[in-house]
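These are the residues of each chain, in order.
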Protein chains: 2
Amino acid sequence: MPTYGQFCPVAKTSELLCERWMPLVLRELMCGSARFGEIQRGVPLISPGLLTKRLRQLVLAGVAERTANGRDITYALTPAGWELYPIIEAMGVWGQRWARSRYGVDELDPSLLMWDMRRMLVPAGLAERPTVVEFRIRGGPPRKTRYWLVVEENAIDLCLVDPQRDVDLCVEAELRALTEVWMGDRTMAEAVADGTISLLGPPGLASRFPVWLGCHPVLGGVPSAVPT
Amino acid sequence: MPTYGQFCPVAKTSELLCERWMPLVLRELMCGSARFGEIQRGVPLISPGLLTKRLRQLVLAGVAERTANGRDITYALTPAGWELYPIIEAMGVWGQRWARSRYGVDELDPSLLMWDMRRMLVPAGLAERPTVVEFRIRGGPPRKTRYWLVVEENAIDLCLVDPQRDVDLCVEAELRALTEVWMGDRTMAEAVADGTISLLGPPGLASRFPVWLGCHPVLGGVPSAVPT
DNA sequence: CTGCATCCACTTTGATACTG
DNA sequence: CAGTATCAAAGTGGATGCAG
């Protein structure tokens, strides 16, 4: 690991934080991922070897802890790690205000989006009774058009294949529109109004859906500073 | 420049901010450096070519502006650039709390320290009449033992050679002690008490000196979280 | 001296395949 | 699932050169 050779605390923090992928790995840990595979799902383009290395660096820096229960290995932030939250949050805010000028086509990824949304639904405590929400996504890769969120009392699952259960609500959406709603760039109502998203199901469920969905965890509805 | 291929704003900000040296270049711009050479003095280990590249990236990202008046080229942050301040500040705070466990010998650099302090004295509006403060630094590299701050009404100069003027105050200090006081790890009074720093000059001037000196700009006296 | 551009050795990263 | 191994590609550091 390279250093900056300066006593400045900004340099010290940079040595840890400003290596490639590091903020995204931390974002995953802060958003509740604990396992290697969970982190990898949130940062799909990182190579396994590099993720291993980054996690080791975090442990070495006293920012994360690795716990092995048999073959069940989990990672968790230490207090020092949680104090990095303001930095990651500030990075999210800045990106939201200044860098969201049209997501490139390559960056619109249905799997990542669904995994992101699944994560947010957990704290939201979605349903009293089991609920199945189907997503049909247009305008994305042909292999990634259908997802199911199966919400039960204590668990929530993202399925990539039909779980063969009754669907309570079906969300038909353009990938771009769903991403923009998730990122807080547009409201669900706008997207429904112009037809880029449709909510098919009982009116009660459909109207509560946007509330469930919430939006991206580290962004508290941060407004954009650039005209859209 | 590599990207992360994610629509997450944290990823977007990382693409800009989490390249090597970038936070330090931004720190320099935020602390008032405007010229290539000034930035380089604050980040002495970056190579000129890489600094050029980083500055171009900042301009391209709309975070800095390059202004050429004849051969006088200056850089300044745009509004988008200034909004990165909370991130850099939070990085400084975290480093101050968690990463200052003993500066390595290699990181104690008298020139960098003096350049840092000179920068801080400008906003402090040091003196009514011209004042010369001499620094004699022990425990550092043999070539970097003497510095002079020449403070005049509108200008403040850091001299590496004797300016041949009457010295109003002489600061004799261990490099480590002066660095620690500057970083807010210790108070000047403590260092004076244990003899690692001596202030030689008229009592009035000597007593006002710690106030002039202030401490590191992005650190508002942030306390350490690790026992020293 | 400032503000770069270029070249080359070295390190880090990416992509893929493989293991307990 | 949680990594390890491998090798090509890309990024970085450092020296040098050069024009104004």
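For the structure, see preceding data.
None of these values were measured; they are calculated from a predicted model.

Undergrad: If you had to explain the protein's contact with DNA strand D to someone new, which residues and values would you point to?
TA: With respect to spatial proximity, 20 residues lie near DNA strand D, and among them A:Arg35, A:Arg66, B:Arg20, B:Leu50 and B:Arg71 are the closest. Here A:Gly37 contributes a backbone N or O atom positioned 3.0 Å from a phosphate oxygen of DNA strand D. A:Tyr75 is positioned with one of its side-chain polar atoms (N or O) 2.9 Å from a phosphate oxygen of DNA strand D. Listed by contribution, the elements that provide at least two residues to the surface near DNA strand D are α3 (36-42), α4 (48-60) and β2 (72-77) of chain A together with α4 (48-60) of chain B. Ranked by residue count, the leading element in the surface near DNA strand D is α4(A), at 4 residues. Considered class by class, the residues forming the surface near DNA strand D number 8 nonpolar, 4 polar and 8 charged.

Undergrad: Give me the relation of the copies chain A and chain B: which residues, what numbers.
TA: Placing chain A over chain B gives an RMSD of 0.1 Å and needs a rotation angle of 180°, together with 0.0 Å of translation along the axis. What the rotation and shift describe, once combined, is the action of a two-fold rotation axis. No C-alpha of chain A lies nearer the rotation axis than that of A:Cys18, which sits 2.1 Å from it. The residues that chain A uses at the interface reappear at the interface of chain B in 100% of cases, marking a shared surface.

Undergrad: Residue-level account of the pairing of strand β6 (residues 169-174) of chain B, with values.
TA: Residue and element names in this part refer to chain B. Inspection of the sheet shows strand β3 (residues 131-138) paired to β6 by 6 bridges, in the parallel sense. By the bridge assignment for β6, Phe 135 is matched with Val 171. Pairing analysis gives 4 bridges linking β6 to strand β7 (residues 197-200), with the strands arranged antiparallel. Residue pairing in the sheet places Glu 172 in a bridge with Ser 198 of β7.

Undergrad: I'd love a proper account of the environment of B:Val161, names of residues and values included.
TA: Residues and elements named next belong to chain B. Counting through the fold element by element, Val 161 comes out in the loop between β5 (156-159) and β6. The class for Val 161 is exposed, based on a relative accessible area of 61%. On a C-alpha basis, the gap between Val 161 and Ser 224 in space is 36 Å, while along the polypeptide they are 63 residues apart.

Undergrad: Break down helix α6 (residues 85-98) of chain A for me, with residues and values.
TA: In this model, α6(A) (14 residues) spans 20 Å end to end at C-alpha, consistent with the 20 Å of a helix rising 1.5 Å per residue. Along α6(A), the positions that sit buried rather than exposed are A:Ile87, A:Ile88, A:Ala90, A:Met91, A:Gly92, A:Trp94, A:Gly95 and A:Gln96. In this structure, the buried side of α6(A) is in contact with α1 (9-17) and α2 (22-30) of chain A together with α1 (9-17), α5 (79-82) and α6 (85-98) of chain B.

Undergrad: So what about the interface of chain A and chain B? Which residues, and what values?
TA: With 55 residues of chain A at the contact, the number on the chain B side is 56 residues. Summed over both partners, the interface of chain A with chain B buries about 4600 Å², with 69% contributed by carbon and sulfur atoms. Looking at the side of chain A facing chain B, the largest losses of area belong to A:Tyr4, A:Phe7 and A:Trp94, adding up to 20% of the total buried there. One salt bridge in this structure joins A:Glu83 and B:Arg97, with 2.6 Å as the shortest N-O distance. At the junction of chain A and chain B, the tally comes to 16 residue pairs in polar contact (both at pLDDT 80 or more). Of all the secondary-structure elements, those providing two or more residues to the side of chain A that touches chain B are α1, α2, α5 (79-82), α6, α7 (110-124) and α8 (175-182) of chain A. Here the side of chain A that touches chain B takes 10 residues from α6(A), the largest share from any one element. Its residues assigned to classes, the side of chain A that touches chain B comprises 35 nonpolar, 11 polar and 9 charged.

Reading the values: the criteria
Residues numbered from 1 in each chain as written. Chains lettered and ligands numbered in written order. Predicted model: local features only at pLDDT ≥ 70, side-chain atom pairs only at ≥ 80, totals over all residues. Heavy atoms only, no water. Near = heavy atom within 4 Å. Polar contact = N/O pair within 3.5 Å; in protein donor to acceptor, adjacent residues only side chain to side chain. Helix = DSSP H or I, 4+ residues; strand = E, 2+ residues; numbered from the N terminus. Nonpolar A, V, L, I, M, F, W, Y, C, P; charged D, E, K, R; others polar. Least-squares fit on C-alpha atoms with pLDDT ≥ 70 in both. Contact = heavy atoms within 4.5 Å. Pairing = 2+ DSSP bridges. Buried < 20%, exposed > 50% of the residue type's maximum accessible area, 1.4 Å probe, protein only. Expected span 1.5 Å × (residues − 1). Buried area = accessible area lost by both parts, 1.4 Å probe. Salt bridge = Lys/Arg side-chain N within 4 Å of Asp/Glu carboxyl O.

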